[in-house]
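An overview of the molecular structure
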Amino acid sequence: MKAALIFGRMLVPLAACLALAQNAPLPKPESPSSSPRATKETPGKKTLSGRDGYLGDAACAKCHEEMVGSFHQTAHFLTSMLPDKQSILGKFSAGDNVLVTSNSELSFRMSEKGDAFFQTAVQGMSPYVTERTEQFGLVTGSGGKGQTYLFWKGDQLFQLPVSCWTQLGWVNSPGYRDGIANFDRPIIPRCLECHATYFDSTAPPNRYRKAGFVVGITCEKCHGPGGNHVERETSKTPVTSDSAILNPAKFSRERQMDLCAWCHAGHGTPLVAPFSYLPGEPLDHYLELPKPDPNAEVDVHGSQVELLARSRCFQSSSMTCLTCHDVHLVQHDPVSFSRQCLACHKPDTAMFPKRDHDAASNCIDCHMPRQDTNLIVFDWKGKKVRPQVRTHWIKVYSTGSASN
């Protein structure tokens with residue numbers, strides 16, 4: 001079942017029950033750096049047997065400071081964070097901290113106390129009011145479109161019923177019924193596999209160790225463990241010319257696409273334990289991603305690889321995701337993307353048949369328009385609201401289908 005969790009790539013099953021048991025607030029995990037987008041894994045130390053050789057971004061920054069700095073501004077790195085005043089986009093000030101629902105006897109109140117942040121479901125009418133309060137445990141979503149929030153119940157992770165939509169403020173979390181207080185949607189490992197670097201799943205469906213996790217997409221998610229690389233580069237007498245680090249730019253086309261498909265080709269069915277995949281390996285050994293029927297409609301959310309594969313540009317070239325995307329940089333300028341298009345579609349050639357067509361400024365909005373997704377739908381003031389996601393099916397669209 002595919003029920004969308006958030007304005008990103010996570011897909012989880014939707015639970016429909018309401019539980020109103022009060023839980024004591026959980027302490028915020030300590031971070032080894034001043035950044036809320038840090039990790040509970042201490043850089044330079046081997047905290048888990050499965051994480052031997054992983055050092056964290058602080059180790060990478062010692063030699064690649066500029067690149068790490070720019071990468072830390074990207075949506076990949078910011079796709080999950082520890083909660084604080086900077087990482088949570090929703091407002092906690094009076095008048096802006098309440099979500100009124102279609103149920104006159106239910107509202108949600110967001111509050112903060114010191115370094116802790118809370119969501120409270122307020123149900124009933126005075127004097128017969130019950131409340132359930134849960135503490136923000138993790139922030140998921142970079143905020144480009146919105147964010148959703150997770151809370152810990154012991155060693156279990158669940159989604160909070162109220163999310164933040166960047167343009168609107170507090171909203172019902174995607175897929176949640178307006179007017180219902182639902183604290184029972186579990187966060188399965190596959191969700192975290194695409195929104196974090198590492199979590200140690202202790203038991204299905206949603207139990208995790210509360211130490212040793214690494215939020216955000218960090219350098220080693222795509223480059224593999226950096227321990228041997230750092231040791232080699234800091235050695236006074238290197239014994240090999242091998243850099244001892246994975247470089248996706250040097251992967252074959254298939255392995256490059258596999259790396260991106262890990263999170264950009266839908267939910268899939270895990271074949272091995274979560275977080276087992278190592279970049280450069282065949283993804284189908286780790287994750288089963290059924291190929292959609294060629295005529296089936298593919299949603300623009302979380303299926304970028306499938307849509308790109310349908311494109312004539314992809315089928316007629318050796319392009320990969322890395323042809324257009326430099327994941328170390330924030331990229332929003334359509335002109336820079338258009339330069340990649342013009343590398344093949346040169347004006348005054350057979351590959352550029354349209355006359356008097358100014359493509360230098362923006363190929364993207366016409367040939368890769370933003371489209372509504374049906375996998376992220378939330379109730380807001382009695383309306384069904386769907387964010388728009390840019391399609392990766394590159395082709396000629398009618399004027400009416402392109403939306404900016």
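A brief structural summary. Quantities reported herein were computed from a predicted structural model and do not represent experimental measurements. (Residues numbered from 1 in each chain as written. Predicted model: local features only at pLDDT ≥ 70, side-chain atom pairs only at ≥ 80, totals over all residues. Heavy atoms only, no water.)

Looking only at helices and strands, the chain has 11 helices and 22 strands in total. The 404 residues of the chain split such that 46% are buried. Contacts in the chain between residues far apart in sequence, at least 24 positions, make up 58% of those at least 6 positions apart. For the chain, the exposed surface amounts to about 20700 Å²; the carbon and sulfur share of it is 54%. (Helix = DSSP H or I, 4+ residues; strand = E, 2+ residues; numbered from the N terminus. Buried < 20%, exposed > 50% of the residue type's maximum accessible area, 1.4 Å probe, protein only. Contact = heavy atoms within 4.5 Å. Areas by Shrake-Rupley, 256 points an atom, 1.4 Å probe, with all protein chains shown as cover.)

So, on to the environment of Gly266. Relative to the elements of secondary structure, Gly266 occurs in the loop between α6 (253-264) and β17 (269-270). Separated by 39 residues in the primary sequence, Gly266 and Val305 have C-alpha atoms spaced 8.7 Å apart. When residues no more than four places from it in sequence are discounted, the contact partners of Gly266 are Arg190, Leu289, Gly302 and Glu306.

Core analysis: the biggest nonpolar cluster contains 23 residues, and Ile88, Phe92, Phe108, Met110, Phe136, Tyr149 and Trp170 have the highest contact counts within it. Contributing elements (two or more residues each) for this core: β5 (106-113), β6 (116-125), β9 (146-153) and β11 (162-165). When residues of this core are assigned to their parent elements, the largest contribution, three residues, is made by β5. Not counting residues up to four positions away in its chain, the partners in contact with Phe108 are Asn97, Val98, Leu99, Thr101, Thr120, Ala121, Pro161, Val162, Ile180 and Ala181. (Core = buried A, V, L, I, M, F, W, Y, C linked by side-chain atoms within 4.5 Å.)

A few words on empty space enclosed by the protein. This structure, assessed with the given rule, holds three cavities of 30 Å³ or more. Counted as a void, the largest cavity has a volume near 70 Å³. Along the wall of the largest cavity there are 13 residues; nearest its centre are Glu193, Trp262, Ala273, Tyr286 and Leu287. Each residue belonging to the lining of the largest cavity can be placed in one class, and the counts come to 10 nonpolar, one polar and two charged. (1 Å grid on protein atoms, 1.4 Å probe; cavity = no way out; pocket = protein on both sides within 12 Å on 5 of 7 lines; lining within 4 Å. Points joined across faces, edges and corners; volume = space filled by probe spheres on them. Nonpolar A, V, L, I, M, F, W, Y, C, P; charged D, E, K, R; others polar.)

Within the open sheet, the four strands sit side by side as β4-β5-β6-β7. Their pairing is antiparallel. In this open sheet, the two edge strands, each paired with only one partner strand, are β4 (98-100) and β7 (128-135). On average, each strand axis in the sheet is tilted by 20° relative to the strand beside it, whichever way the strands run. Looking at chain direction, β5 and β6 are connected through eight bridges and run antiparallel. Bridging across to β6, Phe108 finds its partner in Ala121. (Pairing = 2+ DSSP bridges. Axes fitted to C-alpha atoms, helices over the stretch in contact; angles between N-to-C directions.)

We now examine the pairing of strand β10 (residues 156-159). Burial along β10 is two-sided: the residues Gln156 and Phe158 and Leu157 and Gln159 are all buried. Between the end of β9 and the start of β10, which pair antiparallel, lie two residues, with Gly154 showing a positive phi angle near 70°.

Attention now goes to the packing of aromatic side chains. A complete count under the given rule lists 15 aromatic pairs for this structure. Judged by centre distance (5.4 Å) and plane angle (55°), the rings of Trp165 and Phe378 are tilted. You can see Trp165 sitting in strand β11 and its partner Phe378 sitting in strand β20 (residues 378-380), a full 213 residues away along the chain. An identical accessibility class is assigned to Trp165 and Phe378; each is buried. Taken together, Phe92, Phe117, Phe136, Tyr149 and Trp170 form an aromatic cluster joined through their ring pairs. Across from the ring centre of Phe314, 4.0 Å away, lies the NZ or CZ of Arg253, which sits over that ring. It is Arg310 that lies over the ring of Trp393; its NZ or CZ is 5.3 Å from the centre. (Phe/Tyr/Trp six-rings, centres within 6.5 Å; stacked < 30°, edge-to-face > 60°. Lys NZ or Arg CZ within 6 Å of the ring centre and 35° of its normal.)

Right, let's talk about the state of the cysteines for a bit. Scanning the model with the defined rule gives zero disulfides in all. Summary of cysteine pairing: Cys344 is not part of a disulfide, and the nearest cysteine sulfur, belonging to Cys313, is at 7.5 Å. Looking at Cys344, the relative accessible area reads 46%, which means it is partly exposed. Between Cys366, a cysteine without a disulfide, and Cys363, which holds the nearest cysteine sulfur, the sulfur-to-sulfur distance is 8.6 Å. Judged by its relative accessible area of 42%, Cys366 is partly exposed. (Disulfide = S-S within 2.5 Å.)

It is worth stressing that arrangement in space is one thing and function is another; only the former is reported here.
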